[in-house]
Amino acid sequence: MTEAGEKEATGGEAVWEREVLAPHRWGRHGNAAGEELARLRELREAAGPLSANAEAIIAQIAALEICNWNLGHSFLALCGAVGAGRPAELPIGHLASVNDERWREVWAYYLTLRQWLPSGGRSGDEALLRTCDPGGAIQKHVRGLLGEPDELKELYVERLCLYLQFWLAGFLPEGSPPRETYNVVAAYVETKIRERGPEGLPLDVFDVEGAGGWGPCHHKAFRRYDVILSSVGAGEWRGAMPRRGTDGLERAALLDEYLGPLEAWIAGAEAAPENDPGREIYDLLGERDDVKVFLASLLSSLLRAQQLYARELAEQRMKEKPR
C-alpha cells in the first residue's frame, strides 16, 4: 500500500505515525512526541514511495518492543531486513516470536499445575508433561514454590491455570465463545477466592489486558509466573520473591548495545564499532540510502522511547520500598 493509500485507510494518519505517538511509545514523553514525529516525517518524505516490502518491514518494526524475550535476535533480523529490502524471515514480536521450546516450557508449567491440583483419577496430562519436561526439572521447581496444597492455594492455582490457558490458546479474541467462557470461569474462581476472606494476592496479576498481561513473549514471563507461584506458597504477595527493581536498568543497558551502533550508522559514521553486535549491525545494513535511513530511524525511535521509560521507571522503583 502506498503512503497515501495507507493514510486514507487510517483516517489521514499512517500506521507508523500512530505507533510513534502510541501511549507505550513516545506518547508518554510529552512534547518530545511531536518533535520525534516531525523528525521521522522528514525522513519519510525523503525516502519517497515505499515498496510493499518496505511496508511489511515497517509492520515488523512496529511489532518489536523492549519487553520481547527475543529482543536481540529480532533486532538483528530487522537490521538484516532493512539492509536486504525484504521482511525478516524470523517471526517478530508478540506471540509470533515465541518458539517451540518456549511454548513447551509454558506447557510444562501449566501441566504441572494441573497435576498438582486434586483430580478423580489419572489424566492424559501426564503423557504430554513427560514430553514437555522429560527430566522433571520444571515439575520439581513449581511444586517447590507451591508447597503443600490447601483450599485457598488450589483456588489460586486454578486461576493461574486459566491464565496460562489464555496464552496457550493464542490470546483469546474478545467476544469469541472461548473468551466468553474464560471470562465466566475466571470470574467464578475469583469470587470463590474473595469468599475466603482478605485477598492474599492482588487478582489484577491475572488481568491479561492490564497489569497481568505477561504473555510468554515477555522476557520476564517465567519470573512473573514464579512470583505468583511463590506468593501462593508463602500466602503473601511477594512473600518469597521481593521485587528486584533493576530489570528496567538492565534492559535499557542491553538495548544500548544495539541502538548505539544503529544510530551511528544512521548518522553516517563510516567506521563500524569494533565489537559485537556493532560490526554485525553495520554488515547487515550495508550502504545507506534514504529508505534504509527512514526504516532504521523508525526502529531506533520506537525502541528508544520505551528504553527511556524503562530506565526512568526502574530508577523510580529503586527509590521506593520494595513490594
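Residues numbered from 1 in each chain as written. Predicted model: local features only at pLDDT ≥ 70, side-chain atom pairs only at ≥ 80, totals over all residues. Heavy atoms only, no water.

## Brief notes about the overall build of the chain
We apply this condition: Starting at the N terminus, helices and strands are each numbered in turn, a helix being any DSSP run of H or I of at least four residues and a strand any DSSP run of E of at least two. Buried means the residue's accessible area, taken with a 1.4 Å probe over protein chains only, is under 20% of the maximum for its type, while exposed means over 50%, and partly exposed covers the values in between. Only heavy atoms enter the contact rule, under which two residues are in contact if any of them lie within 4.5 Å. Here the open area of atoms and residues is found with the Shrake-Rupley method and a 1.4 Å probe, where only the protein chains shown may cover a residue. Residues scored as charged are limited to Lys and Arg (positive) and Asp and Glu (negative), so that His and the chain ends carry no count. A charge is said to be at NZ when it belongs to Lys, at CZ for Arg, at CG for Asp and at CD for Glu.
Helix and strand counts for the chain come out as 14 helices and zero strands. Across the 323 residues that make up the chain, the buried fraction comes to 46%. Residue pairs at least 24 apart in sequence account for 68% of intrachain contacts in the chain once pairs closer than 6 positions are excluded. As presented, the chain carries roughly 15900 Å² of accessible surface, and 51% of it is formed by carbon and sulfur atoms. Within the chain, one finds 37 positive and 50 negative side-chain charges whose respective centroids are separated by 6 Å.

## Comments concerning the packing of helix α3 (residues 32-47) against helix α14 (residues 290-319)
Heads up, the rule is: Under this scheme, a helix contributes an axis fitted over its contacting stretch, all axes are lines through C-alpha atoms, and angles between N-to-C directions fall in the 0 to 180 degree range. For classification, angles of less than 35 degrees are called roughly parallel, those exceeding 145 degrees roughly antiparallel, those between 65 and 115 degrees roughly perpendicular, and all remaining angles oblique. Two helices crossing with the near one rotated counterclockwise from the far one by less than a right angle form a left-handed crossing, whereas a clockwise rotation gives a right-handed crossing.
Direction vectors running N to C along α3 and α14 enclose 155°, while the axes themselves pass 7 Å from each other. When the interaxial angle is binned, α3 and α14 end up roughly antiparallel. Here the hand of the crossing between α3 and α14 comes out left-handed. Here E36, R39, L40, L43, R44, A46 and A47 of α3 lie close against α14, whose contacting residues are D290, V291, V293, F294, S297, L298 and S301.

## Here we look at the environment of R122
Looking at the secondary structure, you find R122 in the loop between α6 (100-116) and α7 (125-132). As for R122 and A267, which are separated by 145 residues in sequence, their C-alpha atoms are 63 Å apart.

## Comments concerning the packing of aromatic side chains
Given two aromatic rings, one states the distance between the centres and the angle between the planes to describe the pair. Here is the rule we go by: Pairing of aromatic side chains here covers Phe, Tyr and the six-membered ring of Trp, requires ring centres within 6.5 Å, and sorts the geometry by plane angle: under 30 degrees stacked, over 60 edge-to-face, intermediate tilted. By definition here, charges over rings are those cases where NZ of Lys or CZ of Arg is within 6 Å of the ring centre and within 35 degrees of the ring normal.
Per the counting criterion, the structure on display carries 13 aromatic pairs. Ring geometry for W16 and F294: centres 5.2 Å apart, planes at 75°, overall edge-to-face. Remark: F294 occurs in helix α14 and W16 occurs in helix α2 (residues 15-21); sequence separation between them is 278 residues. What makes F294 buried here is its relative accessible area of 0%. Taken together, Y109, Y163, F166, W167, F171, Y182, F206, F222 and Y225 form an aromatic cluster joined through their ring pairs. Looking at R28, its charged tip hangs above the ring of Y309, at a distance of 3.5 Å from the centre. Looking at R288, its charged tip hangs above the ring of W265, at a distance of 5.9 Å from the centre.

## Description of the side chain of D226
Which entries qualify depends on this criterion: Any Lys or Arg side-chain nitrogen located within 4 Å of an Asp or Glu carboxyl oxygen qualifies as a salt bridge.
With respect to the secondary-structure elements, D226 resides in helix α11 (residues 221-234). One buried charge, D226, has no salt-bridge partner; the nearest side chain with opposite charge is R223, at 6.9 Å. Those residues in contact with D226 that lie beyond four places of it in its chain are Y109, H141, L145 and M241.

## Let's talk about the packing of α6 against helix α8 (residues 137-146)
The geometry of α6 relative to α8 is characterised by a closest axis approach of 9 Å and an angle of 50° between their N-to-C directions. Taken as axis vectors, α6 and α8 run oblique relative to one another. Along this stretch, α6 crosses α8, giving a crossing that reads as right-handed. Where α6 approaches α8, its residues E105, A108, Y109, T112, L113, Q115 and W116 are matched on the opposing element by I138, Q139, H141, V142, R143 and L146.

## Structural notes on the pattern of salt bridges
Taken as a whole and judged by the stated rule, the model has 15 salt bridges. If you follow the salt bridges from partner to partner, you end up with D256, E263, R304 and R311 in one network.

## Examining the nonpolar core
The condition is simple: Residues enter a nonpolar core if they are buried and are Ala, Val, Leu, Ile, Met, Phe, Trp, Tyr or Cys, with the set joined through side-chain atoms within 4.5 Å.
In terms of nonpolar packing, the biggest core is built from 46 residues, with L113, Y163 and L164 touching the most fellow members. Listed by contribution, the elements that provide at least two residues to this core are α6, α7, α8, α9 (151-168), α10 (177-195) and α11. No other element matches the 11 residues that α9 contributes to this core. In contact with L164, not counting residues within four places along its chain, are V106, Y109, Y110, L113 and Y225. In terms of nonpolar packing, the next biggest core, distinct from the first, is built from 44 residues, A14, W26, A88 and L298 among them.

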